[in-house]
Amino acid sequence: YLNYKGCEEEGLYRIPGSGREIKHWQMRFDKELDIDLFDEPDLYDINIIGSMFKAWLRDLPDEIFPKETQARIHDACAGATETPQMLKDELSMLPPFNYYLLFAITCHISLLHTHSDKNKMDYKNLCICFQPCMKIDAFCFNFLVCDWKKCWQGCWTEKEYLEAEYSILDNPPSSAGRGAAPASQQLVDERAISSSSSKPSTMGRSGRSTPDKEQLRPPPFEHARQPSQSESKHSRQPSSLGEGNVTPTPRGFPEVSNELPTLAPMQPLSPFGL
């Protein structure tokens, strides 16, 4: 939405949106997880989404690009005029969550930079707006924005992380929470309670910390585990509750749906059409 609606918007990220509207949209995203902003008639000011995005970056619990890694690149490649190979390699060795998030964010910033004649967001203004909240030093930030296309050569750690994730999906924890409120509802409740800050509290109403966002992420549909023959045979046996051939869902586990959720249309991220 910001790529297609904001690239030529003068004052984007410098003109703040309404605090009340920002909180409203934060609560909606916490509750609905995905919203097609192009179909929202009540969204009248793109600065609301811009301000919400900056607040989200400031609230990230971890660094997208570790400072220690940036410092090593700066010390080894000081004075470089072209994108250092060391920077490319260190980016490729990031966890896939960090890699693709940094890829998308810096793509957006680079896109703003290519339209700076209309949005007035030159490199200096981009540094002021994004360097502090992304915690990226000037040396690496310069290549990630001004030479974005040459920084990316693929995520080398993705296979390793996928194997670990599939292992967890095949062996789900037996102590699944029972009777707890959905994590997304906890986030909505926290936003409603904390009206003095745009940053959500990390404690729920019961005094326990809210689950990690990775725990909220549904498993990939295309890699759902196929049941074994013994499991298929067992699933055809009648329920002991006298409900015919209905297969009961184990206690503590959510119902599994084979339907993909409806997501907002994804447009190419790259200003170069990649």
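Above this text is the structure in question.
Just so you know, these numbers come straight off a predicted model, no measurement behind them.

Here is what the cut-offs are and how they apply
- Residues numbered from 1 in each chain as written.
- Predicted model: local features only at pLDDT ≥ 70, side-chain atom pairs only at ≥ 80, totals over all residues.
- Heavy atoms only, no water.
- Helix = DSSP H or I, 4+ residues; strand = E, 2+ residues; numbered from the N terminus.
- Expected span 1.5 Å × (residues − 1).
- Contact = heavy atoms within 4.5 Å.
- Buried < 20%, exposed > 50% of the residue type's maximum accessible area, 1.4 Å probe, protein only.
- Phe/Tyr/Trp six-rings, centres within 6.5 Å; stacked < 30°, edge-to-face > 60°.
- Salt bridge = Lys/Arg side-chain N within 4 Å of Asp/Glu carboxyl O.
- Axes fitted to C-alpha atoms, helices over the stretch in contact; angles between N-to-C directions.
- Left-handed = near helix turned anticlockwise from the far one by under 90°.
- Nonpolar A, V, L, I, M, F, W, Y, C, P; charged D, E, K, R; others polar.
- Core = buried A, V, L, I, M, F, W, Y, C linked by side-chain atoms within 4.5 Å.

### Some details on helix α8 (residues 123-134)
Turning to step 1, where the next piece is worked out: A rise of 1.5 Å per residue sets the reference length of α8, with its 12 residues, at 16 Å; its end C-alpha atoms lie 15 Å apart and thus fit the reference within 8%.
Turning to step 2, where the next piece is worked out: Those residues of α8 that are buried lie in contact with α3 (46-58), α6 (96-114) and α9 (138-146).
Turning to step 3, where the next piece is worked out: Two residues or fewer past α8, K135 is found with a positive phi of approximately 60°.

### Let's talk about the side chain of N3
Turning to step 1, where the next piece is worked out: For N3, the position within the fold is in helix α1 (residues 2-6).
Turning to step 2, where the next piece is worked out: Residue N3 is classed as buried on the basis of its relative accessible area, which comes to 16%.

### A few points about the packing of aromatic side chains
Turning to step 1, where the next piece is worked out: Under the defined criterion, the tally for this structure stands at 12 aromatic pairs.
Turning to step 2, where the next piece is worked out: With a centroid separation of 5.2 Å and an interplanar angle of 90°, the aromatic rings of Y99 and W152 are classed as edge-to-face. Of this pair, Y99 sits in helix α6 while W152 sits in the loop between α9 and α10 (158-170); the two residues are 53 residues apart in sequence, bridging distant segments of the chain.
Turning to step 3, where the next piece is worked out: What makes W152 buried here is its relative accessible area of 12%.
Turning to step 4, where the next piece is worked out: Aromatic pair F103 and W148: ring centres 5.0 Å apart, planes at 55°, arrangement tilted.

### Some thoughts on the pattern of salt bridges
Turning to step 1, where the next piece is worked out: Applying the stated criterion across every chain, the model contains four salt bridges.
Turning to step 2, where the next piece is worked out: In this structure, R28 engages E32 in a salt bridge whose closest nitrogen and oxygen atoms are separated by 2.9 Å. With R28 and E32 both in helix α2 (residues 19-32) and four residues apart, this pair spans about one turn of that helix.
Turning to step 3, where the next piece is worked out: On the basis of relative accessible area, E32 is assigned to the partly exposed category, the value being 38%.
Turning to step 4, where the next piece is worked out: For R72, the salt bridge identified is with E90, shortest N-O distance 3.3 Å. Separated by 18 residues along the polypeptide, R72 in helix α4 (residues 67-77) and E90 in helix α5 (residues 85-92) bring together distant segments of the chain.
Turning to step 5, where the next piece is worked out: Each of R28, E32 and E40 takes part in salt bridges that share partners, so that together they form one network.

### Let's talk about the packing of α3 against α8
Turning to step 1, where the next piece is worked out: Two elements in contact, α3 and α8, have axes whose closest approach is 8 Å; the angle formed by their N-to-C orientations is 35°. Crossing of α3 against α8: the hand is left-handed. In this structure, α3 contributes F53, K54, L57 and R58 to the contact, and α8 contributes C129, F130, C133 and M134.
Turning to step 2, where the next piece is worked out: Across the contact of α3 with α8, the residue classes break down as six nonpolar, no polar and two charged.

### With respect to unusual backbone geometry
Turning to step 1, where the next piece is worked out: Here Y13, not a glycine, exhibits a phi torsion of approximately 75°, which is positive.
Turning to step 2, where the next piece is worked out: Position of Y13 relative to the elements: it lies in the loop between α1 and α2.
Turning to step 3, where the next piece is worked out: Residue classification places Y13 among the buried residues on the basis of a relative accessible area of 6%.
Turning to step 4, where the next piece is worked out: Even without being glycine, L33 reaches a positive phi, approximately 70°.
Turning to step 5, where the next piece is worked out: With respect to the element layout, L33 can be found in the loop between α2 and α3.
Turning to step 6, where the next piece is worked out: Take L33: its relative accessible area is 59%, and that puts it in the exposed class.

### Brief notes about α6
Turning to step 1, where the next piece is worked out: Helix length check: α6, at 19 residues, gives a terminal C-alpha distance of 27 Å against a target of 27 Å (1.5 Å per residue), a fit within 8%.
Turning to step 2, where the next piece is worked out: Those residues of α6 lying buried are P96, N98, Y99, L102, I105, T106, C107, H108, I109, S110, L111 and L112.

### Considering the nonpolar core
Turning to step 1, where the next piece is worked out: Counting residues in hydrophobic clusters, the biggest one holds 48 residues, and the most contacted among them are Y13, L57, L91, L102, F130 and M134.
Turning to step 2, where the next piece is worked out: Every element with two or more residues in this core is listed here: α2, α3, α4, α5, α6, α8 and α9.
Turning to step 3, where the next piece is worked out: It is α6 that contributes the most residues to this core, seven residues altogether.
Turning to step 4, where the next piece is worked out: Those residues within four positions of L102 in sequence are excluded, and the remaining contacts are I64, F65, L91, L94, M134, I136 and W152.

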